[in-house]
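# Observations on chain architecture
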Amino acid sequence: MEKLFIKNFSLLELEKYLINFNIPKFHASQIFFWIYKKGVTNFFDMTNLSKETREFLDEKFVLNSIEKEEAKKANDKTIKYLFKLFDGNFIESVVINQKHRKTLCISSQVGCKYGCKFCASGMMKFKRNLEVSEIIDQILYVKFEEKIEIDNYVFMGMGEPFDNYENVISAIKIMNDKKALGIASRRITVSTNGLVKQIEEFKNLDMQVNLAVSLHSADQTIRKSLMPVAEKYTLTKLSRALKNYFEKTNRIITLEYIMIKGINDSRNDALSLAEFAAFHKAKVNLIPYSKTSSNKYFSASTDENINRFFNILVSKGISTTVRNSKGKEIEAACGQLAGMKTNN
Ligand code: SAH
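Rules of the game
- Residues numbered from 1 in each chain as written.
- Predicted model: local features only at pLDDT ≥ 70, side-chain atom pairs only at ≥ 80, totals over all residues.
- Heavy atoms only, no water.
- Helix = DSSP H or I, 4+ residues; strand = E, 2+ residues; numbered from the N terminus.
- Rg over C-alpha atoms; globule rule 2.2 N^0.38 Å.
- Buried < 20%, exposed > 50% of the residue type's maximum accessible area, 1.4 Å probe, protein only.
- Contact = heavy atoms within 4.5 Å.
- Areas by Shrake-Rupley, 256 points an atom, 1.4 Å probe, with all protein chains shown as cover.
- Lys, Arg positive; Asp, Glu negative; His and termini not counted.
- Charge placed at Lys NZ, Arg CZ, Asp CG, Glu CD.
- Salt bridge = Lys/Arg side-chain N within 4 Å of Asp/Glu carboxyl O.
- Near = heavy atom within 4 Å.
- Polar contact = N/O pair within 3.5 Å; in protein donor to acceptor, adjacent residues only side chain to side chain.
- Nonpolar A, V, L, I, M, F, W, Y, C, P; charged D, E, K, R; others polar.
- Pairing = 2+ DSSP bridges.
- Axes fitted to C-alpha atoms, helices over the stretch in contact; angles between N-to-C directions.
- Expected span 1.5 Å × (residues − 1).
- Disulfide = S-S within 2.5 Å.
- Right-handed = clockwise from strand over helix to strand, strands pointing away.

Counting its regular elements, the protein contains 11 helices and 14 strands. Taken over C-alpha atoms, the radius of gyration comes to 21 Å for the protein, in line with the 20 Å a tight globule of 344 residues would show. Principal-axis analysis of the C-alpha atoms gives the protein an extent of 70 × 50 × 35 Å. Within the span of the protein, comprising 344 residues, buried residues form 56% of the whole. In the protein, the proportion of contacts linking residues at least 24 apart, taken out of those at least 6 apart, comes to 66%. Carbon and sulfur atoms form 48% of the exposed surface of the protein, whose accessible area is close to 16300 Å². Side-chain charges of the protein comprise 52 positive and 39 negative groups, with the mean position of each set lying 4 Å from the other.

Close approach of charged atoms allows side chains of opposite charge to pair. Using the criterion set out here, one finds nine salt bridges in the structure. A salt bridge links E55 to K51; the nearest nitrogen and oxygen atoms lie 3.2 Å apart. Of this pair, E55 and K51 both sit in helix α3 (residues 51-60), four residues apart, which is roughly one turn of that helix. Shared partners join several salt bridges into a network, and the residues in it are D87, R128 and E134.

On to the site of the ligand. Around the ligand sit 23 residues, and of these F118, E160, S191, S214 and S290 come closest. Interatomic distance of 2.8 Å between a backbone N/O atom of F118 and a nitrogen atom of the ligand. A distance of 3.1 Å is found between a nitrogen atom of the ligand and a backbone nitrogen or oxygen belonging to G159. A total of 540 Å² of accessible area belongs to the ligand in isolation, and the protein chains cover 96% of it. Contributions of two or more residues to the shell around the ligand are made by β10 (188-192), β12 (254-259) and β13 (283-288). Looking at the shell around the ligand residue by residue, the class counts come to 10 nonpolar, 10 polar and three charged.

Moving on to the environment of T254. Along the chain, the position of T254 falls in strand β12. Taking the C-alpha atoms as reference, T254 lies 18 Å from I106; in sequence the two are 148 residues apart. If near-sequence neighbours (up to four positions away) are discounted, T254 is found in contact with L211, A212, V213, K283 and N285.

The subject of this paragraph is the sheet that holds strand β6 (residues 102-105). With mixed pairing, the 10 strands of this open sheet are ordered in space as β3-β4-β5-β6-β9-β10-β11-β12-β13-β14. The open sheet is flanked by β3 (66-73) and β14 (320-322), the only strands paired with a single partner. For this sheet the average axis-to-axis angle between neighbouring strands, irrespective of direction, equals 25°. Bridge count between β13 and β14: three bridges; the pairing is parallel. Across the sheet, residue N285 finds its bridge partner in β14, namely T321. With respect to the sheet, helix α10 (residues 267-280) is in contact with β12 and β13, its orientation differing from that of β12 by roughly 170°.

The next thing to look at is unusual backbone geometry. Here the phi dihedral of K77 falls at roughly 75°; this positive angle occurs in a residue that is not glycine. Mapped onto the elements of the fold, K77 is located in the loop between β3 and β4 (79-85). One non-glycine residue, K147, lies in positive phi territory at about 55°. As for its position among the elements, K147 is in the loop between α5 (132-145) and β9 (152-155). By relative accessible area, which is 66% here, K147 ends up exposed.

When the terminal C-alpha atoms of helix α2 (residues 26-38) are compared, their 17 Å separation across 13 residues agrees well with the 18 Å that a helix rising 1.5 Å per residue should span. Of the residues making up α2, those classed as buried are H27, A28, Q30, I31, F32, W34, I35 and Y36. G39 sits one or two residues past α2 and shows a positive phi near 70°.

Disulfide: a covalent bond formed between the sulfur atoms of two cysteine residues. Under the criterion given, the structure shown has zero disulfides. C112 takes part in no disulfide bond, and the closest cysteine sulfur to it belongs to C119, at a distance of 6.5 Å. Here C112 falls in the buried class, since its relative accessible area comes to 11%.

Before going further, it helps to examine the pairing of β12. Among the six residues of β12, six are classified as buried, and the element is accordingly described as predominantly covered. Looking at chain direction, strand β11 (residues 210-214) and β12 are connected through three bridges and run parallel. When the bridges of β12 are listed, V213 appears paired with L255. As paired elements, β12 and β13 share six bridges and run parallel to each other. By the bridge assignment for β13, I258 is matched with I287. Once the chain exits β12 it traverses α10 before rejoining the sheet at β13, and the crossover so formed is right-handed.

Take a look at the structure:
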């Protein structure tokens, strides 16, 4: 029988599993303690369990689902990790070091189905969803192997988190669980390209997790040309879903907006974005486009243009931030994660 990833299990699921084998359920809490509080990477290190129980766990379960292949550090201390999965696929995670906080950018899939024109992961073929364990292990690796204290967790690595909805939600529940990682929901952000059905489902979960939406244009024609997903989930449909989300949760949505020279950075673009954001009481995060090797035609808007765009939004009362580009020389910006194994 194939072994199971133990980190795919919630505490309750693990208790149930153990009970089936006549193992007292309190052992599940002990196992969680070793995994999530101590970061052990070997069942035999779980020293308050009997030898038989440890052998049982080792026979049934896999403890570590990812393996570090390499880490690249940029001058600004951004670190990009390349992880190898059990089937030989690769994913990447990034630690972004800002003055007062550290952010971990988490991948949710190998590759991506959606083919956004500006995004390196989108240009890669979709391979598969990540298991819960593979999502959780990105966090555990940084916490226990690198001993980095992360303040914010964003699902902005490779993949579309809402296309791997169930595993991402289960992973968030393990992140939240005090007996596991105990990470507060407000420190977690899920970023979606605008999958309307999942946004509707997500709002009913009543989780205090932040929602970010990759908008990139408030004009249907432009958005569709950048993001093929907008053909099915038009701005009108997306707008309705966001309105429902806000009405139900009262949570402020962040609209992500990559600024691409001559494509979505005109005065008119700013005005439509301001209108869209005001309607949704949303915040805007402007992101200078970072060049990816998969797209030769796009370049970043100039600083001057970004400032002008920013000022228009602010003058319309929109709460706006501009994202600093981080980790440029190691291609570690969100959307540049392609999980390619390179030799440079
Ligand atoms: N599929 C999800 C999560 C992927 S991360 C989503 O679409 O939201 C997506 C984010 O990565 C974008 O919103 C943007 O913030 C960033 N991104 C992608 N490609 C980029 C690029 N070339 N330059 C800068 N940011 C990029």
